[in-house]
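Descriptive analysis of the structure
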Amino acid sequence: MLILKTLSLEPMHGFGIARRMEQVSRGVFKVNPGSLLTALQRLERAGWLDAEWRRTENARRAKFYSLTRTGRRQLESETADWARRASAIARLLKAEV
């Protein structure tokens, strides 16, 4: 869900995705590059991401990922599910004896 949300803002390469997630989470999420690559490949195989080779701002070649229409629907579904679960957890934490 976090990768999909990050890519909903703009197409990015793997390093950019990792950096954005770390920045927005204020360092809470530190993304392992190997794990990220595996996740990106899985999301691409699921049809949620498109990928194309482009030049970065440093003139290096990198694979840029973007959300597909199906990926946007998946993000909406996962976001709604997360909100439902987070709300249930909050109710449980507030429960008193």
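Right, let's walk through the structure included here. (Residues numbered from 1 in each chain as written. Predicted model: local features only at pLDDT ≥ 70, side-chain atom pairs only at ≥ 80, totals over all residues. Heavy atoms only, no water.)

**Examining the pairing of strand β3 (residues 61-67)**
To be explicit about the condition: DSSP calls a pair of strands paired once it identifies at least 2 bridges connecting them. The secondary structure listing takes helices from DSSP runs of H or I that are at least 4 residues long and strands from runs of E that are at least 2 residues long, numbered from the N terminus.
Where strand β1 (residues 12-13) meets β3, two bridges bridge the pair, whose relative direction is antiparallel. Opposite Met 12, over in β3, you have Tyr 65 as the bridge partner. Relative to β3, strand β2 (residues 49-55) runs antiparallel, the two sharing seven bridges. Each bridged residue has a counterpart across the sheet, and for Glu 52 the counterpart in β3 is Phe 64.

**Details of the nonpolar core**
Heads up, the rule is: Put simply, buried Ala, Val, Leu, Ile, Met, Phe, Trp, Tyr and Cys residues joined by side-chain atoms within 4.5 Å make one nonpolar core. Throughout this description, buried means an accessible area under 20% of the type-specific maximum (1.4 Å probe, protein chains only), exposed means over 50%, and partly exposed covers the range between. Contacts were defined at the residue level, with two residues in contact if any of their heavy atoms lie within 4.5 Å.
Core analysis: the largest hydrophobic core is formed by 16 residues, its most contacted members being Ile 3, Leu 4, Leu 7, Ile 17, Leu 40 and Leu 49. Secondary-structure elements contributing two or more residues to this core are α1 (2-9), α2 (14-24), α3 (33-45) and β3. Of all the elements, α3 adds the most residues to this core, at four residues. If we ignore the near neighbours within four places in the chain, the residues touching Ile 17 are Thr 6, Leu 7, Met 12, Leu 36, Leu 40 and Tyr 65.

**Looking at the environment of Ser 35**
Along the chain, Ser 35 turns up in helix α3. Judged by its relative accessible area of 47%, Ser 35 falls in the partly exposed class. A C-alpha to C-alpha distance of 20 Å links Ser 35 and Glu 78, two positions 43 residues apart in sequence.

**Overview of the sheet that holds β3**
Strand order in the open sheet formed by three strands is β1-β3-β2, and the pairing between neighbours is antiparallel. Edge positions in the open sheet fall to β1 and β2, since each of these has one partner strand only.

**A closer look at the packing of α1 against α2**
Stated precisely, the cut-off is as follows: What counts as an axis is a line fitted to C-alpha atoms, over the stretch in contact for a helix, and the angles between N-to-C directions run from 0 to 180 degrees. Convention used here: angles under 35 degrees read as roughly parallel, angles over 145 as roughly antiparallel, angles from 65 to 115 as roughly perpendicular, and any remaining angle as oblique. Charged means Asp, Glu, Lys or Arg here, nonpolar means Ala, Val, Leu, Ile, Met, Phe, Trp, Tyr, Cys or Pro, and polar covers whatever is left, Gly included.
Following both chains from N to C, one finds α1 and α2 inclined at 100°, their axes separated by 10 Å at the closest point. With respect to each other, α1 and α2 are oriented roughly perpendicular. Here Leu 2, Ile 3, Thr 6, Leu 7 and Leu 9 of α1 come into contact with α2, specifically with Ile 17, Arg 20 and Met 21. Residues of the contact of α1 with α2, tallied by class, amount to six nonpolar, one polar and one charged.

**A look at a nonpolar patch on the surface**
Here is the rule: Candidate patch residues must exceed 30% relative accessible area and have no salt bridge, after which like charges are joined if within 9 Å and Val, Leu, Ile, Met, Phe, Trp or Tyr side chains if within 5 Å. In this description, accessible areas are obtained by the Shrake-Rupley approach with a 1.4 Å probe, and a residue is regarded as covered only by the protein chains that are shown. Salt bridges are identified by distance alone: a Lys or Arg side-chain nitrogen within 4 Å of an Asp or Glu carboxyl oxygen.
Residues Met 1, Leu 2, Val 28, Phe 29 and Trp 82 make up a contiguous nonpolar surface patch of about 500 Å² in total accessible area. Tracing the chain through its elements places Met 1 in the segment before α1. The exposure class of Met 1 is partly exposed, given its relative accessible area of 31%.

**Focus: α2**
Those residues of α2 that fall on the buried side of the exposure criterion are Gly 16, Ile 17, Ala 18 and Met 21. On the buried face of α2, the contacting elements are α1, β1, α3 and β3. One or two positions beyond α2, positive phi appears at Arg 26, with a value near 55°.

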